[in-house]
Amino acid sequence: MNIGIHAVHKILSSAKKDDEFNTSYNKISEYLSYDEKRLVIIKSDFNEASSRSRFDILSVLEKFIQNGLLKKEDEDKKTITYKVKSPIVSLCLKKSGNVLEYYTAVAASSLNFLSDIKVGVHIEWDISSKYYETQNEIDVMAVSNSLPVFISCKNGEVRKEALYELDSVARALGGSYSKKVLVCTFLARSKMAKEKLLERASDMGIKVVFNTHSITFEKFLT
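Residues numbered from 1 in each chain as written. Predicted model: local features only at pLDDT ≥ 70, side-chain atom pairs only at ≥ 80, totals over all residues. Heavy atoms only, no water.

**Student:** Sorry, what's going on with the environment of V140 here?
**Tutor:** Structurally, the position occupied by V140 is in strand 5 (residues 135-144). Considered as a pair, V140 and V119 are 21 residues apart in the sequence and their alpha carbons are 4.5 Å apart. Those residues in contact with V140 that sit more than four places away from it in its chain are E101, T104, A105, I117, K118, V149, F150, I151 and C153. (Helix = DSSP H or I, 4+ residues; strand = E, 2+ residues; numbered from the N terminus. Contact = heavy atoms within 4.5 Å.)

Shown next as structure tokens:
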């Protein structure tokens, strides 16, 4: 799971805006090979997309290269080929939210009171039904003192609905004693909105960790 925690943190902090994260990752992921072991950049297409975008897609790509997550293998007039360091890097490229989820999972694995850490856990609420009526994906799950820990990871501004969703899923699947954590980058745009969200989260028994893109790994662990 560990692909270099400092490298992942640098990638997490590379975009100043949430839209930049999503737009850049969506474009870069288009060049993943079928087996997802290589990134084959078509120069003309990538340069055109970069020039049209209001975000600096190239700088996000360079973060992966500078931190050794992509290694240049070959280049000709039309393409540049990079070798992808691991399957986790491919997952991070395919979806910007995966970066925060794996960063959280790596952090959780370094805490001795958490065990059985899983990323992207799919849960079916009604297993007796012939049809999949209600499904949920838990971003990160763990166990602490025999109690389930539900961790929701959010890139971008958090709305109160995210708290209710986490609370309802944790209560339905883990019971009233389950632990709930919300990990996010930007919590809210205004000071008042942030204070209200934190107060609401506290009332619901949800621990909130925010500004994960700017705080150190050591601070994140606390």
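**Student:** What am I meant to see in helix 7 (residues 160-174) here?
**Tutor:** An α-helical turn contains 3.6 residues, so any two residues separated by three or four positions project in the same direction. The terminal C-alpha atoms of helix 7 lie 21 Å apart, and with 15 residues this matches the ideal 21 Å at 1.5 Å per residue to within 8%. Along helix 7, the residues that are buried comprise A162, L163, L166, D167, V169 and A170. A positive backbone phi angle near 85° is found at G175, which sits one or two residues after helix 7. (Expected span 1.5 Å × (residues − 1). Buried < 20%, exposed > 50% of the residue type's maximum accessible area, 1.4 Å probe, protein only.)

**Student:** I tried to follow the sheet that holds strand 3 (residues 79-84) on my own but got confused; where do I start?
**Tutor:** Sheets are built from strands that pair by backbone hydrogen bonding, the pairs being arranged parallel or antiparallel. Here we have three strands laid out as an open sheet, ordered 1-3-2, and antiparallel in their pairing. The open sheet terminates on both sides in strands that have one partner only, identified here as strand 1 (38-42) and strand 2 (70-75). Looking at each pair of strands side by side, their axes are set apart by 25° on average, direction ignored. Strand direction decides the pairing type here: strand 2 and strand 3, joined by five bridges, are antiparallel. Along strand 3, the bridge assignment pairs L70 with V84. (Pairing = 2+ DSSP bridges. Axes fitted to C-alpha atoms, helices over the stretch in contact; angles between N-to-C directions.)

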